[in-house]
Amino acid sequence: MDKYQLLKQYFGYDSFREGQEYLIDSILEGRDVLGIMPTGAGKSICYQLPALLMREADEGAVTLVVSPLISLMKDQVEGLNQAGIHAAYLNSSLTPGQYRKALSFAKEGRYPIIYVAPERLPAPEFMDFARNANIAMVAVDEAHCVSQWGQDFRPGYLKIVNFIDALPVRPVVAAFTATATKEVKEDIIDLLMLQNPAMITTGFDRKNLYFGVQSVKDRYGAVKNYLECHPKDAGIIYCLTRKNVEEVCERLAGEGFAVTRYHAGLSDEERKGNQEDFIYDKKPVMVATNAFGMGIDKSNVRFVLHYGMPKNLESYYQEAGRAGRDGQPAECILLYSGQDVTTNQFFIENNQDNQELDTGLRQLVMERDRERLRKMTFYCFTNECLRDYILRYFGEYKENYCGNCSNCLSQFENTDVTEIAKSLVGCVESCRQRYGINVILDTVHGANTAKIRSYRMDENPFYGGCAKVPSPRLRQVLNHLLIHNYLAMTDDEYAVVKLTEKSDDILTGGEAVVMKLAKEQPHPAKAEKGKSGRRKLSYGASGTGAGSAELSPAEEALFERLRTLRTEIARGEKAPPYIIFSDRTLVHMCMLKPGTKAEMLKVSGVGEYKYDKYGERFLDCIREFIKISGSVEA
Ligand code: ADP
Ligand code: ZN
């Protein structure tokens with residue numbers, strides 16, 4: 001079989017996505033490769049497919065996949081087995097007996113693909129197997145773990161090179177990651193000693209993800225509303241603190257939503273159980289701190305809500321990016337409130353990880369963290385395209401309009417905010433640049449608090465000068481002034497608001513300040529629902545964005561039935577539902593409504609092997625549905 005036939009047969013896809021074919025061809029030519037592609041782009045197929053082709057060419061050929069996380073390996077192996085490909089993993093989750101058995105099957109040459117934890121590589125038993133096997137390729141997944149620049153450094157990754165050196169014949173080395181900073185990329189090439197690798201970077205953009213920011217008073221209400229509008233969809237709600245996780249989860253559960261929770265304060269057992277409930281769609285909504293997520297490969301996460309602003313855009317994009325790994329439309333919405341800044345500042349000042357650094361270095365790290373927090377905060381206030389804002393942060397420059405974020409979809413009008421700006425800058429000047437954002441805001445708003453009185457800001461000439469302007473609006477204007485350097489903030493822990501050389505333009509220069517402000521504030525969750533709320537199928541070279549078609553209401557109903565069938569099958573197989581068929585495959589099925597095997601095989605994601613296992617049951621379900629609804633055009 002050639003690569004196209006294999007792609008169809010095992011994975012059920014008709015064409016390659018951006019970058020895949022180039023990397024696959026390079027591997028088959030015997031060249032090392034480095035693939036830098038965002039989450040969900042389809043990196044796995046880049047080594048799985050050549051592994052199968054190498055096996056066809058040479059019966060004994062084995063591909064070793066080095067992977068950092070047990071859960072990732074399990075998911076991948078399960079997916080391969082479901083597609084009819086023999087694969088196994090070797091890691092510390094196996095008992096010694098299971099390990100020996102897997103290794104002896106490996107020695108018999110049963111597996112074309114074997115996943116292995118990096119720490120296993122030097123083990124004598126494993127080395128013995130490897131020296132006598134025909135290892136055609138070593139694929140290094142999450143290759144950034146080799147670099148100390150990133151957050152996920154794994155010393156075991158440094159041993160990969162020694163392992164490869166110890167093999168009788170050097171295999172092809174293929175490295176993959178979603179992290180694209182220059183330092184990490186250089187580290188991967190150097191430390192894995194890639195030889196003249198074929199490289200591809202497909203960019204950071206995840207076109208299928210919708211980005212939204214909402215500044216709401218009643219965050220819980222917004223979350224509840226969102227869940228009501230998206231019943232049964234799988235999603236994650238990230239909270240800043242464990243306490244928030246507890247509260248939100250308990251309230252939602254009390255109102256009858258199928259939610260579960262995850263944070264570092266729970267027992268291992270509970271975390272494991274809750275994670276499984278989520279993965280298997282028993283409890284489709286997970287409320288969690290950022291402790292949740294590493295190694296979650298669940299592809300049908302349809303939304304990620306942030307109940308609070310994370311500490312920087314790196315974290316935000318990573319967490320939000322857990323949505324829509326199947327390339328289907330998914331939503332990432334950040335629910336922002338002013339206190340989030342204070343909470344994060346507290347985290348920065350009290351970061352335990354930094355306790356061991358010497359004072360100078362610690363100051364530097366804290367300054368960097370404050371700067372990152374500031375950029376994150378601006379994300380919540382910018383009126384520009386949100387996607388563009390994120391991509392620019394990561395060094396990618398695109399157009400300033402994506403059409404799939406809350407800013408691109410909102411109507412703005414230019415509003416003159418000169419008077420507000422004058423009060424804010426005037427207040428900073430008259431208090432002799434001694435206070436932080438909140439004191440300034442409270443003063444011009446005329447808050448009657450103990451703090452304001454103790455600073456005697458109630459005697460400030462600007463006290464209450466903008467009493468009628470709502471607080472969020474005041475904050476927006478202040479952020480606008482900071483973004484455009486009419487004001488600045490000090491880098492130390494006190495984060496005091498200071499004047500700049502541009503401040504005078506406003507105070508005495510008569511400069512008008514005009515900013516884009518949203519026309520009206522529509523109701524939070526309904527606003528997100530402003531889009532039809534129906535399921536879509538994403539097309540396009542990368543399978544993400546580029547174009548999409550929407551399900552009709554009747555097709556939505558069919559989707560629900562197919563999803564229920566999928567859940568039933570998954571329970572029987574004890575496998576996560578998305579491993580049976582992805583959401584994307586189900587949506588495509590609803591559109592094509594296949595009536596025969598040949599038609600079913602045209603559905604993206606249905607290969608021969610899976611057809612044999614499940615095809616008939618899905619065909620029956622579709623036939624039944626058409627009979628009841630009376631029309632194929634439904
Ligand atoms: P990554 O490892 O880059 O995050 P995966 O390898 O998990 O991404 O792939 C993400 C999803 O895209 C999977 O559901 C996979 O089956 C699907 N996919 C991969 N390649 C293709 C393709 N050529 N056509 C359609 N879907 C694909
Ligand atoms: Zn946009």
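What this report covers is the structure whose coordinates are included nearby. These numbers come from a predicted model, not from an experiment. (Residues numbered from 1 in each chain as written. Chains lettered and ligands numbered in written order. Predicted model: local features only at pLDDT ≥ 70, side-chain atom pairs only at ≥ 80, totals over all residues. Heavy atoms only, no water.)

**With respect to the sheet that holds strand 4 (residues 113-116)**
- Spatially, 3-4-2-5-6-1-7 is the arrangement adopted by the 7 strands of the open sheet, whose pairing is parallel. Looking at which strands have only one partner, the edges of the open sheet turn out to be strand 3 (87-90) and strand 7 (198-201). Strand-to-strand twist across the sheet, computed as the mean angle between neighbouring axes with direction ignored, equals 15 degrees.
- Inspection of the sheet shows strand 1 (residues 33-36) paired to strand 7 by 4 bridges, in the parallel sense. Its bridge partner lying in strand 7, Ile36 is registered against Thr201.
- Sheet strands in contact with helix 4 (residues 70-82) are strand 3 and strand 4, and its direction is about 165 degrees off that of strand 3.
- Each of strand 1, strand 6 (172-177) and strand 7 touches helix 8 (residues 182-191); the most contacted strand, strand 1, lies at about 155 degrees to it. (Pairing = 2+ DSSP bridges. Helix = DSSP H or I, 4+ residues; strand = E, 2+ residues; numbered from the N terminus. Axes fitted to C-alpha atoms, helices over the stretch in contact; angles between N-to-C directions. Contact = heavy atoms within 4.5 Å.)

**Quick look at the pattern of salt bridges**
- A complete count under the given rule lists 36 salt bridges for this structure.
- Shared partners join several salt bridges into a network, and the residues in it are Lys232, Asp233, Arg535, Glu556, Glu560 and Arg563. (Salt bridge = Lys/Arg side-chain N within 4 Å of Asp/Glu carboxyl O.)

**A closer look at empty space enclosed by the protein**
- Counted under the stated rule, the structure contains 2 cavities of 30 Å³ or more.
- For the second largest cavity, the calculated volume is near 30 Å³.
- Considering the residues around the second largest cavity, the lining is formed by Lys311, Asn312, Ile348, Asp369 and Arg372.
- Counted by class, the lining of the second largest cavity contains 1 nonpolar, 1 polar and 3 charged residues. (1 Å grid on protein atoms, 1.4 Å probe; cavity = no way out; pocket = protein on both sides within 12 Å on 5 of 7 lines; lining within 4 Å. Points joined across faces, edges and corners; volume = space filled by probe spheres on them. Nonpolar A, V, L, I, M, F, W, Y, C, P; charged D, E, K, R; others polar.)

**What about the coordination of the zinc ion (ligand 2)?**
- Around the zinc ion (ligand 2), the protein contributes the donor atoms Cys385 (SG), Cys402 (SG), Cys405 (SG) and Cys408 (SG), at 2.3 to 2.4 Å from the metal centre.
- Considering all 4 donor atoms around the zinc ion (ligand 2), the spread of angles at the metal, 101 to 119 degrees, places the coordination shape in the tetrahedral class. (Donors = N, O, S within 2.8 Å, 3.2 Å for Na, K, Ca; no water. Tetrahedral: all angles 85-135°; square planar, octahedral: opposite > 155°, others 65-115°.)

**So, the packing of aromatic side chains**
- Throughout the structure, instances matching the rule amount to 15 aromatic pairs.
- Relative to Phe303, the ring of Tyr226 lies with its centre 5.0 Å away and its plane at 65 degrees, an arrangement referred to as edge-to-face. With Tyr226 in helix 9 (residues 219-229) and Phe303 in strand 12 (residues 301-307), this pair connects stretches of sequence that are 77 residues apart. Accessibility classification places Tyr226 together with Phe303 in one group, the buried group.
- Between Phe581 and Phe618, the ring centres sit 5.1 Å apart and the planes meet at 75 degrees, which makes this aromatic pair edge-to-face. Of the two residues, Phe581 sits in the loop between helix 23 (577-580) and helix 24 (583-592) while Phe618 sits in helix 26 (residues 608-629), which places them 37 residues apart along the sequence.
- Grouped by ring-pair contacts, the aromatic residues Phe126, Phe129 and Phe163 constitute a single cluster.
- Sitting above the plane of the Tyr99 ring, Arg120 keeps its charged end 4.5 Å from the centroid. (Phe/Tyr/Trp six-rings, centres within 6.5 Å; stacked < 30°, edge-to-face > 60°. Buried < 20%, exposed > 50% of the residue type's maximum accessible area, 1.4 Å probe, protein only. Lys NZ or Arg CZ within 6 Å of the ring centre and 35° of its normal.)

**Description of the pairing of strand 4**
- Burial along strand 4 is two-sided: Ile113 and Tyr115 and Ile114 and Val116, pointing in opposite directions, are all buried.
- Summarising the sheet, strand 2 (residues 61-66) and strand 4 pair through 4 bridges and their orientation is parallel. Note that in strand 4 the partner of Thr63 across the bridge is Ile113.
- For strand 3 and strand 4, the ladder comprises 4 bridges, and the chain directions are parallel. Looking at the pairing, Tyr89 lines up with Tyr115 of strand 4.
- After leaving strand 3, the chain enters helix 5 (residues 96-107) and then returns to the sheet as strand 4, a path that is right-handed. (Right-handed = clockwise from strand over helix to strand, strands pointing away.)

**Regarding helix 24**
- Counting buried residues along helix 24, 9 of its 10 residues qualify, which places the element largely inside the surrounding structure.
- Looking at helix 24, one finds that the buried residues are Asp583, Arg584, Thr585, Leu586, Val587, His588, Met589, Cys590 and Met591.
- Following helix 24 by one or two positions, Lys593 adopts a phi angle in the positive range, close to 45 degrees.

**Comments concerning the pairing of strand 12**
- The element strand 12 is largely enclosed, with a buried count of 7 among its 7 residues.
- Two strands pair when backbone bridges link them, and strand 9 (residues 234-239) and strand 12 are joined in this way by 6 bridges, in the parallel orientation. Residue pairing across strands places Cys239 opposite Tyr307, the latter belonging to strand 12.
- Across 5 bridges, the pairing between strand 12 and strand 13 (residues 330-336) is parallel. The residue bridging Val304 from the neighbouring strand is Cys332, located in strand 13.
- This β-α-β element, strand 12 to helix 12 (residues 313-320) to strand 13, shows right-handed connectivity.

**Quick notes on the nonpolar core**
- In this structure, Phe211, Phe292, Tyr316, Leu334, Tyr379, Leu424 and Leu481 are the most contacted members of the largest nonpolar core, which totals 76 residues.
- Counting residues per element, this core draws most heavily on helix 14 (residues 359-381), at 7 residues.
- A domain-level breakdown of this core finds at least three residues from each of domain 2 (209-393) and domain 3 (412-518).
- Leave out the neighbours within four places in its chain, and Leu481 touches Ala421, Leu424, Val425, Tyr486, Leu487, Ile506 and Val513. (Core = buried A, V, L, I, M, F, W, Y, C linked by side-chain atoms within 4.5 Å. Domains from an automatic or database assignment.)

**Things to note about the site of ligand 1**
- Around ligand 1 sit 14 residues in total, of which Tyr13, Ser15, Gly40, Ser44 and Arg325 are the nearest.
- Here an oxygen atom of ligand 1 and a side-chain polar atom of Arg17 are 3.1 Å apart.
- The protein chains hide 85% of the 570 Å² of surface that ligand 1 would expose on its own.
- No other element matches helix 3 (residues 43-57), which puts 3 residues into the shell around ligand 1.
- A class-by-class count of the residues in the shell around ligand 1 yields 5 nonpolar, 6 polar and 3 charged. (Near = heavy atom within 4 Å. Polar contact = N/O pair within 3.5 Å; in protein donor to acceptor, adjacent residues only side chain to side chain. Areas by Shrake-Rupley, 256 points an atom, 1.4 Å probe, with all protein chains shown as cover.)

**Digging into the sheet that holds strand 11 (residues 285-288)**
- The strand order across the open sheet formed by 6 strands is 8-13-12-9-11-10, and the pairing between neighbours is parallel. Single-partner strands in this sheet number two, and they are strand 8 (209-215) and strand 10 (259-262). Neighbour to neighbour, the strand axes of the sheet diverge by 15 degrees on average, direction disregarded.
- Both strand 9 and strand 11 contribute to a ladder of 4 bridges, which runs parallel. Of the residues in strand 11, the one forming a bridge with Gly235 is Val285.
- Relative to the sheet, helix 10 (residues 242-254) contacts strand 9, strand 10, strand 11 and strand 12, its axis offset from that of strand 10 by approximately 170 degrees.
- Lying on the sheet, helix 12 is in contact with strand 8, strand 9, strand 12 and strand 13; it crosses strand 12 at an angle near 145 degrees.

**Focus: the side chain of Asp277**
- Secondary-structure assignment places Asp277 in helix 11 (residues 268-279).
- Once residues within four sequence positions are removed from consideration, Asp277 is found in contact with Lys282 and Lys283.

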